[in-house]
Amino acid sequence: MNFDTIVIGAGQAGPFLAAKLVERGRNVALVEARDLGGTCVNRGCTPTKTLRKSARVAYLARRAAEFGVNVGTVNVDFAVAMQRMQDRVDQARSGLESWLGGLQGLRIIKAHGRLTGRDGGEFLVRAGEHILRAPQIILNTGTRPSVPPIPGLAENPYLDSEGLLALRELPRKLVIIGGGYISLEMAQIFRRLGSKVAIIETGPRLTGREDADVSAAVTEMLQAEDIDVYIGVSIAAVKPGETEGGTCVQLADGRIIGGSHLLVATGRAPNTDDLGLDSVGLRANMRGYIATNDRLETDVPGIWALGDINQRGAFTHTSYHDQEVLAENLAGGQRSADARNSIYAMFTDPPLAHVGLYEAEAKRLVEKEGRRISQAVHAMKDVSRAKEESETVGVIKLLIDEDSGLFLGATMLGIQADEIIQSIGLVMASQGTWRTVREALPVHPTVTEFLPTIIDRRKLLVVN
């Protein structure tokens, strides 16, 4: 079968790019081995944020007396919460299937797509029983949970993030290996739904890429909800638990951390190992990622890599933005993926959000380049709106280049941080300065209205 473009992978970039191309009159094949929508719709953002809401409602109900509301004993019907989550996933996926299925010029092929070589100026792709041909290939195959080589892990029952969301009975105790964003979101959700939870992180702190003080604040936040946290430990082995079906994690110091369920959330690996890259002369790096230039072109002309596999950010919004960049460039534009600032959120409650540089990176610029960079830090407990809502956990941190006046980065842990961070992100994207933010008229009472006050309290970073 002949096409103008073959898109392999239907996550957050592939379907939307395919839709734009068929609107321009292109004949496009969209190849997907599993479900349309990829990880986000089926196993990531959509189900976890839906379940997060159930967990937050339970958490607020338990705190109701603080606000003068009497609700009595709070019980979570785990099966109902999980069904609500599944209904939302089914709705999102069916909507995507209906939309894409109605597009003229788009052929959806439910099969694993694999490059098998070239024929003149066209690439060949095997998708199930079909052989597809096209001069353009878009790769958007995403990532999957990776499993660390821990002795005994393979021989004992464990869950990855997908398996955890398939449960329909609440774990009595959930033990989690890993201290990253998926781990912490799931830890808090399941604790609020009623499970006991323990987190094991072999690194020096949770959320290892964040500033040390922010990581400490996140740890304290989770511990305040009676989540056990083990940091900087070595895992000797995974063993059968004392109860049937349970699992124990044995630390190198001899301690045993047992639970009814074990979640392994130590990272993700790119789905590039069975794409047939060698058949067209395309190489992945040692970790399986595919390098691209700022236009998202690979080393092989006619092949682009979008989303998690290009190592430009393992986030749904990054993948979607990739397709916007490529769609514009395929129409003759000159858009660059290098021009954007990294921005993301961890959806704990309250959320942690970040854009641009971290404090450690800013300090390196001060030390090595003599840059004049200031930092402003403000505790969320000193923000009026946070106090009024009894949501005082967290901190706001801003980094500013004193010579240009531009924001270099921001980190926010606290109420609505996932929304507030975008105000700084938009200012950064538009090359606005701190003065723009300080002199703008804010809405009261909000958290964002404190940004001008915080800016005025900034101090130059000093490297010891």
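That block above? That's the structure.
For clarity, every value in this text was computed on a predicted model and none was experimentally measured.

Cut-off values and rules
Residues numbered from 1 in each chain as written. Predicted model: local features only at pLDDT ≥ 70, side-chain atom pairs only at ≥ 80, totals over all residues. Heavy atoms only, no water. Pairing = 2+ DSSP bridges. Helix = DSSP H or I, 4+ residues; strand = E, 2+ residues; numbered from the N terminus. Axes fitted to C-alpha atoms, helices over the stretch in contact; angles between N-to-C directions. Contact = heavy atoms within 4.5 Å.

## Quick look at the sheet that holds strand 9 (residues 173-177)
Point 1. Ordered in space as 11-10-9-15, the four strands form an open sheet in which the pairing is parallel. Sheet topology places strand 11 (228-231) and strand 15 (261-264) at the edges, where each strand pairs with a single neighbour. Going from strand to strand, the sheet's axes swing by 15° on average, the running direction of each strand aside.
Point 2. Pairing geometry for strand 9 and strand 15, over four bridges, is parallel. By the bridge assignment, Val175 is partnered in strand 15 with Leu262.
Point 3. Along the sheet, helix 6 (residues 181-193) makes contact with strand 9, strand 10 (196-201) and strand 15, crossing strand 10 at roughly 165°.

## Some remarks on the environment of Met1
Point 1. Mapped onto the secondary structure, Met1 falls in the segment before strand 1 (5-8).
Point 2. Met1 sits 130 residues away from Ile131 along the chain, and the two C-alpha atoms are 6.4 Å apart.
Point 3. The contacts of Met1, once residues within four sequence positions are left out, are Arg107, Ile109, His130, Ile131, Leu132 and Arg133.

## Points about the sheet that holds strand 23 (residues 459-460)
Point 1. Pairing in this open sheet of six strands is antiparallel, and the strands run 18-19-22-21-20-23 from one edge to the other. Because the sheet does not close on itself, it has two edges, and the strands there are strand 18 (343-346) and strand 23.
Point 2. Bridge count for strand 20 (residues 373-379) against strand 21 (residues 395-401) is seven bridges, and the pairing is antiparallel. When the bridges of strand 21 are listed, Ala379 appears paired with Val395.
Point 3. Relative to strand 22 (residues 407-413), helix 7 (residues 212-223) is tilted by about 15°, and along the sheet it contacts strand 18, strand 19 (352-356), strand 21 and strand 22.

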